[in-house]
Amino acid sequence: MDITSLIYMEINIICVFVLIVLLKELDLSVDKQLRNIAFIRVVIAVLVMVIIDAMRSTVDGQPGELMRGLSYALNISYFIGLGVVSLFWFIYTEYVISNQARLRPAETWVLVAPLIIVSGLCIGSLYAGFVFTIGPDNAMHRGTLYPVPLAAAIGYVALGACHLLVLLTSRLPRLTRLEYGRLLAFLIMPTIGAVVSALIPGIPALWPTVVMSLLLTFINHQDHQISTDGLTGLNTRRKFDSYLDGLLSETHRGEPFTIFMMDIDDFKRINDTYGHLAGDAALVSVAVQLQKVCRGLPAFLARYGGDEFVIISAMPEPQHIKERTAEVLTKFNRDSGHPYQLSLSIGYHSYDPQHPETAEEIIKQADARLYDEKRRHRLGSHPQDDR
């Protein structure tokens, strides 16, 4: 084994070790939400690819029919695996964006079609050398369609990146923009590594940069775990406090906003009558409906605690969010089939930068109006405006 092959092998061994440690940390520190499962799937796929890459570099050029057959198998697996890793990464980005990645059958076929084509070309390389050939010296040589698997892999990554870019150009909460921006930035290193590896064969640039990117994503992932409510998937009280403090900082102090404090009506009755599992389901249902309310708006949504939720929005007409919330919950109650009806009491307070207030004062004002509305609800009065 020459010095280049030795260095290549050592780098791959280090990558394998880092990925195993990363998987161990993920298993200990994250729950089994779909987003977390999607990220673990990416890490496992990269680990398999690093092992395959190490093995194919080891057998490349080794004499014997066994090594020749093994080289074919490893290279076919490698070029197909490039697309699999990229597809898994795309699915992970979709979970980050929307907490789901459900596709219609036609969309699934369109998404998987490049991978099917690449698989056919790689298997066909056994006979026609489309993507690669194994020469008489048992060394791998690039075929005329060598760029196709690389293009398919880049295509999946580019698709996810384009979705993130489109969202970053829209009106999003500051913390959401920061998370999407980080996820997009993490693609830079693997892209550079892929280009270097494609242009200079034998330089182990791709997988070390991918592993480094996964480590950075894991750090971002951990921050998300700390700041995300385990039941509803919404932002936590901790993240809300941080977001509100950011809005009141010197750099954002000139921007008006409205804070909405929300409480589920008769939530104790739902728990007592139908059980705590039904209560948890009600909390999740309200969270999903509030996400619909906030979709496309400059709004930050969090679970404040218990059956309370909070929205911070820069919408100039606060009443719009109250009306929109009532509409969404009315439709949900009509279609859900639950034995109970869900409704929210909402109190809000608009922050005027011309009259600065502390975070505690803003929350206190909104909270007071929330309980005023709850009192009126108990008396059977539903005011249209609670300013």
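Please read all numbers here as calculations on a predicted model, not as lab measurements.

Quick look at the packing of aromatic side chains
For the coordinates displayed, the defined rule picks out 12 aromatic pairs. Summarising the aromatic geometry, the rings of phenylalanine 260 and tyrosine 348 are spaced 5.3 Å apart at their centres and angled 45 degrees between planes, so their arrangement reads as tilted. Linking phenylalanine 260 in strand 3 (residues 257–264) with tyrosine 348 in strand 6 (residues 344–351), this pair joins segments that are 88 residues apart in sequence. The two residues phenylalanine 260 and tyrosine 348 agree in class, both being buried. One aromatic cluster is present, built from ring pairs that chain together Tyr72, Tyr78, Phe79, Phe132, Tyr146 and Trp207. Between the NZ or CZ atom of arginine 41 and the centre of the ring of phenylalanine 88, over which it lies, the distance is 5.6 Å. Between arginine 56 and the ring centre of tyrosine 78, over which it is positioned, the NZ or CZ distance is 3.7 Å.

Observations concerning the nonpolar core
Considering soluble globular proteins, one finds that nonpolar side chains tend to be buried as a cluster. Ranked by internal contacts, the top residues of the largest apolar core, which has 60 residues, are Val46, Trp207 and Leu214. When contributions to this core are tallied by element, the ones reaching two or more residues are helix 1 (3–29), helix 2 (34–59), helix 3 (65–98), helix 4 (105–128), strand 1 (132–134), helix 5 (147–168), helix 6 (174–185) and helix 8 (206–226). Among the elements that take part in this core, helix 3 stands out by supplying 16 residues, more than any other. Other than its neighbours up to four places away in sequence, tryptophan 207 contacts Cys15, Val46, Met49, Val50, Asp53, Tyr78, Leu82 and Val85. Leu234, Phe260, Ile311 and Met315 belong to the second-largest nonpolar core, a separate cluster that totals 28 residues.

Description of the sheet that holds strand 4 (residues 299–305)
The four strands are arranged 4-5-3-6 in an open sheet whose pairing can be described as antiparallel. A strand with exactly one partner marks an edge of an open sheet, and here the two such strands are strand 4 and strand 6. Each adjacent strand pair in this sheet contributes to an overall mean axis angle of 20 degrees, direction not counted. Along the sheet face, helix 12 (residues 318–336) touches strand 3, strand 5 (308–313) and strand 6 and points at about 160 degrees away from the line of strand 6. Against the sheet, helix 13 (residues 359–378) contacts strand 3, strand 4, strand 5 and strand 6, and its axis sits at roughly 150 degrees relative to strand 6.

Focus: helix 11 (residues 276–294)
For helix 11, spanning 19 residues, the distance from its first C-alpha to its last is 27 Å, which sits close to the expected 27 Å at 1.5 Å a residue. Taken residue by residue, helix 11 has Ala278, Gly279, Ala282, Leu283, Ser285, Val286, Ala287, Gln289, Leu290, Val293 and Cys294 as its buried positions. Of the surrounding secondary structure, the elements contacted by the buried residues of helix 11 are strand 3, helix 10 (267–274), strand 4, strand 5, helix 12 and strand 6. Two residues or fewer past helix 11, glycine 296 is found with a positive phi of approximately 80 degrees.

Things to note about helix 5
In this model helix 5 runs 30 Å from its N-terminal to its C-terminal C-alpha over 22 residues, within 8% of the 32 Å that 1.5 Å per residue would give. Within the sequence span of helix 5, burial applies to Pro149, Ala152, Ala153, Tyr156, Gly160, Ala161, Leu164, Leu167 and Leu168.

Details of the pairing of strand 3
In terms of residue burial, strand 3 counts as a mostly covered element, since eight of its eight residues are buried. Relative to strand 6, strand 3 is paired through eight bridges, and the arrangement is antiparallel. Bridging from a neighbouring strand, phenylalanine 260 pairs with tyrosine 348 of strand 6. As judged from the six bridges shared by strand 3 and strand 5, these two strands associate in the antiparallel manner. Paired with methionine 262 across the two strands is phenylalanine 309, which belongs to strand 5.

Criteria and cut-off values
- Residues numbered from 1 in each chain as written.
- Predicted model: local features only at pLDDT ≥ 70, side-chain atom pairs only at ≥ 80, totals over all residues.
- Heavy atoms only, no water.
- Phe/Tyr/Trp six-rings, centres within 6.5 Å; stacked < 30°, edge-to-face > 60°.
- Helix = DSSP H or I, 4+ residues; strand = E, 2+ residues; numbered from the N terminus.
- Buried < 20%, exposed > 50% of the residue type's maximum accessible area, 1.4 Å probe, protein only.
- Lys NZ or Arg CZ within 6 Å of the ring centre and 35° of its normal.
- Core = buried A, V, L, I, M, F, W, Y, C linked by side-chain atoms within 4.5 Å.
- Contact = heavy atoms within 4.5 Å.
- Pairing = 2+ DSSP bridges.
- Axes fitted to C-alpha atoms, helices over the stretch in contact; angles between N-to-C directions.
- Expected span 1.5 Å × (residues − 1).

The values are spatial; any link to function lies outside them.
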